[in-house]
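# Residue-level structure breakdown
Chain by chain, the residues:
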Amino acid sequence: MARTKAFDTTVVLHRAMKTFGSRGYEGTTLPDLLQELGIARQSLYDTYGTKRDLFILAVKHYMDHKKEDLLAVLEQPGATIPLIEQLFQKMIDVLVDPELAQECFIIASALEYAPHDHELNVYLQDNNAQIEAGFYRLLKRAVEQEEIQSDLNLTAMSQYLVHERTGLIFTTKLGADRAKLQAIIEISLSVLNTKRQR
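Predicted model only: the values in this text are computed from it and were never measured.

Quick look at unusual backbone geometry now. Although it is not a glycine, E146 adopts a positive phi angle of roughly 60°. As for its placement among the helices and strands, E146 is situated in the loop between helix 8 (118-144) and helix 9 (154-173).

Structure below.
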């Protein structure tokens with residue numbers, strides 16, 4: 001009979017997110033992982049494979065869940081601009097939380113490592129493309145509902161919103177507090193507050 005694992009694989013993934021998020025991929029050693037994850041070396045190899053395999057799995061686990069949550073919000077009915085504001089506000093709430101921020105920082109680690117890993121690079125590009133498409137659909141609805149100007153470049157605007165989400169992560173890693181992050185998103189989202197002239 002197969003032996004039952006003595007640890008929760010989801011809990012281990014969350015610990016891996018924090019470890020890679022705080023130290024980066026290159027800065028995380030195998031002893032670091034074993035200590036932070038609380039599992040034996042052989043258990044890590046048997047369950048996740050190499051350090052690189054665990055990193056990719058942790059990145060995908062985190063980003064897939066965040067993408068699903070984001071797209072679910074973007075599909076909600078009603079006014080569109082408040083939905084975008086809500087998404088960015090939730091992101092700030094995560095980034096100013098010491099525990100949640102460490103998990104979120106795995107995105108920064110992934111972006112730093114992506115040029116050296118084709119699979120990760122392709123995954124990140126696909127993830128961004130899906131989020132951009134979600135923003136595009138919402139912005140198109142905003143035009144139809146006359147919340148924003150019809151002459152805006154919706155493709156460029158969608159790319160801009162994805163860029164701003166990523167920028168907030170790196171700004172937080174550099175020490176930005178809630179007030180600074182709040183000021184940044186207010187300026188960033190001000191481009192959407194120009195209502196169509198009737």
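Still more to cover.
Checked against the element boundaries, I184 lands in helix 10 (residues 178-189). Through-space distance from the C-alpha of I184 to that of G167 is 9.9 Å; in sequence the pair is 17 residues apart.

As a further point, take the packing of helix 5 (residues 81-95) against helix 10. Any two packed helices are characterised by how steeply their axes cross, that is the angle between the axes, and by the distance between the axes. Between helix 5 and helix 10, the least distance of the axes is 10 Å, while the angle of their chain directions is 160°. When the interaxial angle is binned, helix 5 and helix 10 end up roughly antiparallel. Helix-helix and strand crossings are classified by hand; for helix 5 and helix 10 the assignment is right-handed. Residue-level inspection shows I84, E85, F88, Q89, I92, D93 and L95 of helix 5 in contact with helix 10, the latter providing R178, L181, Q182, I185 and L189. Partitioning the contact of helix 5 with helix 10 into residue classes produces seven nonpolar, two polar and three charged.

On to the packing of aromatic side chains, then. Within the structure shown, the criterion is met by five aromatic pairs. Centroid distance F20 to Y25: 6.1 Å. Interplanar angle 20°. Geometry classified as stacked. With a centroid separation of 4.0 Å and an interplanar angle of 35°, the aromatic rings of Y25 and Y113 are classed as tilted. One end of the pair, Y25, is in the loop between helix 1 (9-23) and helix 2 (30-37); the other, Y113, is in helix 7 (residues 106-113), and 88 residues separate them in sequence. Owing to a relative accessible area of 11%, Y113 belongs among the buried residues under this scheme.

The next point concerns the pattern of salt bridges. Scanning the model with the defined rule gives nine salt bridges in all. In this structure, R23 and D32 form a salt bridge, with 3.5 Å as the shortest nitrogen-oxygen distance. R23 sits in the partly exposed class, given a relative accessible area of 39%. A salt bridge links E75 to R137, with the shortest nitrogen-to-oxygen separation between them at 3.2 Å. Of this pair, E75 sits in the loop between helix 4 (51-74) and helix 5 while R137 sits in helix 8; the two residues are 62 residues apart in sequence, bridging distant segments of the chain. Overall, the relative accessible area of 43% leaves R137 in the partly exposed class. In the salt-bridge network here, residues are joined through shared partners; they are R52, D53, K60, D117 and E119.

Procedures and definitions
- Residues numbered from 1 in each chain as written.
- Predicted model: local features only at pLDDT ≥ 70, side-chain atom pairs only at ≥ 80, totals over all residues.
- Heavy atoms only, no water.
- Helix = DSSP H or I, 4+ residues; strand = E, 2+ residues; numbered from the N terminus.
- Axes fitted to C-alpha atoms, helices over the stretch in contact; angles between N-to-C directions.
- Parallel < 35°, antiparallel > 145°, perpendicular 65-115°, else oblique.
- Left-handed = near helix turned anticlockwise from the far one by under 90°.
- Contact = heavy atoms within 4.5 Å.
- Nonpolar A, V, L, I, M, F, W, Y, C, P; charged D, E, K, R; others polar.
- Phe/Tyr/Trp six-rings, centres within 6.5 Å; stacked < 30°, edge-to-face > 60°.
- Buried < 20%, exposed > 50% of the residue type's maximum accessible area, 1.4 Å probe, protein only.
- Salt bridge = Lys/Arg side-chain N within 4 Å of Asp/Glu carboxyl O.

Structural measurements only, silent on function.
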